[in-house]
Amino acid sequence: MSKNNSKEITNSPFIIGTHAIEEILKIAPQRVKKIWTTSNQMEKAKESFSHPLLEAEKLSIPISLTDKNSLNSMVCTESHQSLVAKVARRPDITIDQLIENNLDKERLLFVLLDSIYDPQNLGAILRACECFGVDAVIWSKNRGANITPVVSKSSAGASEIIQTVPVPNLAQATKKLLTHGFEVITAQNTPDAKD
């Protein structure tokens, strides 16, 4: 382990929090490039039977010790639980690629989101979608939050499991799905909406 070196911190995405980092270490450990933590968190890991830092050590993932303020600066939030992982980005896919990749499946369930700006709400939705077996979550990248460390933590790692598809225009994506035989059901939360 080395002390924190700011030159190592790049624009790569970060995942924060115990559960989110546990999940990515289970499903895609090759994507985890480095983990930053505090000496207190490292001590907790040594006293535990199961901890993401112990798993990272087994996988020979570099771990650097730093302080909470540095972690706050790295991910622009204090809710990191003293665990920050730098991960390789998942490649984005287009709506056309999503449809093409799933043509052979008999049943698919996609969730389309519009105007979900709160990262914690987006994280909660991704977590629920993963629990209910949703195949992909599609949203307008111009009208909503993007995947951030806060979203990953709120989703308890579901943001790294479920296929996410940001699209430039949600209406056009919906039309494409309709032309491929998808049934579209919509819901809205407005005063004039019906149960």
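Residues numbered from 1 in each chain as written. Predicted model: local features only at pLDDT ≥ 70, side-chain atom pairs only at ≥ 80, totals over all residues. Heavy atoms only, no water.

1. Structural notes on the nonpolar core
A general tendency of soluble globular proteins is for nonpolar side chains to be buried together.
So, point 1. Counting 17 residues, the largest nonpolar core has Ile21, Val32, Ile35 and Leu53 as its most contacted members.
So, point 2. When contributions to this core are tallied by element, the ones reaching two or more residues are helix H1 (18-27), strand E3 (32-37), helix H2 (39-46), helix H3 (52-58) and strand E5 (83-87).
So, point 3. Examining the composition of this core, we find that 4 residues originate from one element, H1, more than from any other.
So, point 4. For Leu53, the residues in contact, after removing those within four places along its chain, are Ile35, Thr37, Gln41, Met42, Ala45, Ile63 and Leu83.
So, point 5. The next biggest cluster of nonpolar side chains, apart from the first, holds 13 residues, and it includes Ile93, Ala136, Val165 and Leu170. (Core = buried A, V, L, I, M, F, W, Y, C linked by side-chain atoms within 4.5 Å. Buried < 20%, exposed > 50% of the residue type's maximum accessible area, 1.4 Å probe, protein only. Helix = DSSP H or I, 4+ residues; strand = E, 2+ residues; numbered from the N terminus. Contact = heavy atoms within 4.5 Å.)

2. Quick notes on the sheet that holds strand E6 (residues 110-113)
So, point 1. The 3 strands lie next to each other as E6-E7-E8, forming an open sheet whose pairing is parallel. Every other strand in the sheet has two partners, leaving E6 and strand E8 (163-167) as the edge strands with one partner each. Taking the axes of each pair of neighbouring strands and ignoring which way they run, one obtains an average angle of 20 degrees across the sheet.
So, point 2. Bridge count between strand E7 (residues 136-140) and E8: 5 bridges; the pairing is parallel. Its bridge partner being in E8, Ser140 is matched across the sheet by Val167.
So, point 3. Strands in contact with helix H6 (residues 119-131) are E6, E7 and E8; relative to E6, the strand with the most contacts, it is inclined by about 170 degrees.
So, point 4. Seen against the sheet, helix H8 (residues 170-179) touches E6, E7 and E8 and runs at an angle of roughly 155 degrees to E6. (Pairing = 2+ DSSP bridges. Axes fitted to C-alpha atoms, helices over the stretch in contact; angles between N-to-C directions.)

3. Remarks on the pattern of salt bridges
Between side chains of opposite charge, pairing is possible as soon as their charged atoms come close.
So, point 1. Scanning the model with the defined rule gives 6 salt bridges in all.
So, point 2. In this structure, the salt-bridge partner of Glu23 is Lys26, at a minimum N-O distance of 3.5 Å. Taken together, the residues span about one helical turn, with Glu23 and Lys26 both in helix H1 at a distance of 3 residues.
So, point 3. For Lys26, a relative accessible area of 61% gives the class exposed.
So, point 4. With a closest N to O distance of 2.9 Å, Arg143 and Asp114 form a salt bridge. Placement of the pair is Arg143 in the loop between E7 and helix H7 (149-154) and Asp114 in the loop between E6 and H6, with a sequence separation of 29 residues. (Salt bridge = Lys/Arg side-chain N within 4 Å of Asp/Glu carboxyl O.)

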